[in-house]
Amino acid sequence: MFMRSTDSRLQRMQLSCMRVLFTFFALLLIGLAGSTQLEGSLSKAATKGVKIRYNGKTHRNKSKKMTVKYNSKTVSQKSYKALIINKYYMAPYADVFKKGVKASCKYSKKEKTLTISKNQVTIKMKVGSKSATVNDKKVKLPTAPLSVRYMSKKKTKILVPVNYIAKTLHLSCKKSGSTISLQAPLILSYDGSTTYYTGVQGSIYYNHKTYSPASMPVIKLSGSWYIPAEETMDSILNLKYEYNSSTGKITITNEDLKLSLVCQNGSNQAKLNGKPVTLSAPVKQVKNVEKNTNVLCLPAAGVLKQLNYTRNWNKTGQYYLIQSKQFFAWKKELTKEQQSSTETNYIYAMESFYAEQSGMGSVNIKISGSLQEIMKTLTVRRNGNIITVTMQKSSYLLEKNQFSNFGEIISKLEVTSEGDTVTLTLTCEQTAEYSYIIQNGTLELNILQTYGTSQSDLNEYSLTIPKPANVTISNVTNQDWYTSKKFQIMIAGNHAAFFQSHPVIINNNTVKSVAITTNSTHTIITVTTSSLQGYKIFERGDNFVVSMGAPKNIYRSIVVLDAGHGGYDPGAQNKGTNEKDLTYQILYTLMKQYASQNAPDIKIYWTRTTDTYVSLANRAAFAQSVGADAFISLHMNSANNSSANGTEVYYSVSNNSKSFSNITSKIMANLFRNKLISDLGLKNRGTKTAAYYVIKHNTVPAILIELGFISGSTDYNKLTNSEFQQKAAKSIYDGIVSMFAQYPTGR
């Protein structure tokens, strides 16, 4: 019994020892495995970066490795890219400057000296020293050249500061992403000296097409952008260019706009249509020394401004952007017989402009005929990428009948005549969207930049309205009830049944409702929105589409017209005539005809559209609420003496700061005063200042026109004459168009 008990304890002790040993070995194995895993991780971490040795020490360089390019060609080796050492990017001189840049390089292993020469510059350096010479003049380097041993490659290379060496050798040096780009300079000679030009070498982007001048890139000299004269004016802009090398005289002619600019080599003085003008900088003769070619260069901003182009430098795209404001303006005066003809419609004027609309380009073409009734019967049709305008009983008087310098939207315009039918044919780059309106004997045709035809493209629009059969955009008119946050689209004919099975598609959260009603002549689509919306209507395939948004995102230019007085405030009175009625008749009733386009460039809003009183504060504030660019208030003057007659235009000195295109209220006042005096023949009483509330407290350039004296012995009969009122409305509208043409908003 005792022996069995002892054996049992011994067995238990042996089992316990075995368990301890097993646990120990298990932990040991786990530890060894963990140690191996940790050691692997440390080893992997240690391999990050480049292991290099310099100045007697080994380093693990973990900086961003940069590829070096010269004239767009990679010159650094894959294993020896530029590294940051002592805060500067360093790269092997032999790879980058000797082999890549083709500089003359000499290295003395014994003296540890390095000499690099190019572009008449010699840099002498010593490994490990910041002291150096540039053309024998002592300088201090930003960091010393280094003898660097690449441990894994077992190779030693001499590294130099890339940026400093490049710029000292007159190379441009730019870092972008993981690339250091070096570029050879242009060796230019101008103004009596030779320089290594390392600035931007740009291209030209004209009417949405890119051109790379072969004679000389776009360059910046003395703070001004210069373009090669003959190549830009003749080959790219298609203008008539003449240069007299004996006299240095340059003549640039735009026959389509009747513009002739004469300038002189070495001068900033010029003449535009015979009138003296000053360019932004002088014309320069620039020699490309390497090519041994002389190129006459024009100051881009000054010359293009005079020739009626928009222009600016695009930093991102590295190009000089040139865009036609006006493509052509052809006109011929009608003879007395042609003016009096009631049988033939004479086409006597055509002009074309470019407009930018919410990121979309458009070409506006205006065609004017002598007989309004016949012009109203013209037809506009589209077949694929061809748009045709057909005018019956018409005769084309203009000398020019073709134009093809539009850019990306229209390839060619051509006018043909057969019998008594005149046809305008527009060949577009692709199927183009368009809208048009006919008023006062003039067709205004708007050709928009092309779009695709997929449903996803339709979703870009706020409203898609299916087109009833045989209906085109010419059958569509609209009315903006912006004070009620509504607008109406009127389609000729009764299409109620059609829209029951072809509903309007809404793709805009601001649209609260779309109601369709009919009257005796039209189907009316009323759109109610939660906030004031700008809108444009286009014809697109089997649909009409509507772009909507904040007015400034829709229209290129916005003006607020303010008919003075109203409601219980009659204004000045004479012989039973109220000032409020005259301002309302001219500025609203007669002006509405100029604001009925489906896709206007210029949007007109009115402070009052009925015979109601609107406070001065609300009138002034209204301009800001619609995002206006300008404000015009119309009044009639009055005096105790009937001998007082004539036009005055006021602005406020408190609201005269520079706005779009640097226009001011004073400039605006002078523009409209000159226009009204010229068109209406009233006495010129000048531009004046006053603190009238609506112009003083406005947020945009604002003027107040005192058109004439309601009390005046001669003005009264004019102001109350319906023909004069029509002329006054047109003069003000033409003034608005002229203002925004001369001073574009930039949208």
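Scope of this entry: the structure provided in the associated data block. Quick caveat, the model's predicted, so the values are computed rather than measured. (Residues numbered from 1 in each chain as written. Predicted model: local features only at pLDDT ≥ 70, side-chain atom pairs only at ≥ 80, totals over all residues. Heavy atoms only, no water.)

## Remarks on the layout of surface pockets
Of the pockets and cavities examined, the second largest pocket occupies roughly 560 Å³. Along its surface, the second largest pocket is lined by 30 residues, and Asn478, Gln479, Lys592, Ala595 and Ser596 are the ones closest to its centre. Contributions of two or more residues to the lining of the second largest pocket are made by strand E40 (434-439), strand E43 (476-481) and strand E53 (602-606). Residue composition of the lining of the second largest pocket, by class: 16 nonpolar, 11 polar and 3 charged. (1 Å grid on protein atoms, 1.4 Å probe; cavity = no way out; pocket = protein on both sides within 12 Å on 5 of 7 lines; lining within 4 Å. Points joined across faces, edges and corners; volume = space filled by probe spheres on them. Helix = DSSP H or I, 4+ residues; strand = E, 2+ residues; numbered from the N terminus. Nonpolar A, V, L, I, M, F, W, Y, C, P; charged D, E, K, R; others polar.)

## Points about the packing of aromatic side chains
Under the definition given, this model contains 23 aromatic pairs. Arranged with centres 6.2 Å apart and planes meeting at 70°, the rings of Tyr206 and Tyr309 form a pair that is edge-to-face. Of the two residues, Tyr206 sits in strand E18 (residues 203-206) while Tyr309 sits in strand E29 (residues 309-314), which places them 103 residues apart along the sequence. A ring pair is formed by Tyr605 and Phe622, whose centres lie 6.5 Å apart and whose planes are at 80°; its orientation type is edge-to-face. Placement of the pair is Tyr605 in strand E53 and Phe622 in helix H12 (residues 616-625), with a sequence separation of 17 residues. Taken as a pair, Tyr605 and Phe622 share a single burial class, namely buried. Ring pairing ties together the aromatic residues Phe327, Phe328, Trp330, Tyr354, Phe403 and Phe406, which thus form one cluster. Over the ring of Phe544 we find Lys467; its NZ or CZ atom is 5.9 Å from the centre of that ring. (Phe/Tyr/Trp six-rings, centres within 6.5 Å; stacked < 30°, edge-to-face > 60°. Buried < 20%, exposed > 50% of the residue type's maximum accessible area, 1.4 Å probe, protein only. Lys NZ or Arg CZ within 6 Å of the ring centre and 35° of its normal.)

## Some words on the sheet that holds E53
Strands sit in the order E53-E50-E54-E57-E55-E56 across an open sheet of 6 strands; the sheet is mixed. Here the strands that pair on one side only, and so sit at the sheet edges, are E53 and strand E56 (684-689). On average, each strand axis in the sheet is inclined to that of its neighbour by 20°, with strand direction left out of account. As paired strands, strand E50 (residues 557-563) and strand E54 (residues 630-637) are joined by 5 bridges and run parallel to one another. Across the sheet, residue Ala563 finds its bridge partner in E54, namely Leu634. On the sheet, helix H11 (residues 579-589) packs against E50, E53, E54 and strand E57 (702-709) and is oriented at approximately 140° with respect to E54. Along the sheet, helix H16 (residues 722-742) contacts E50, E53, E54 and E57; its crossing angle with E50, the most-contacted strand, is approximately 150°. (Pairing = 2+ DSSP bridges. Axes fitted to C-alpha atoms, helices over the stretch in contact; angles between N-to-C directions. Contact = heavy atoms within 4.5 Å.)

Treat this as a map of the structure, not an account of what it does.
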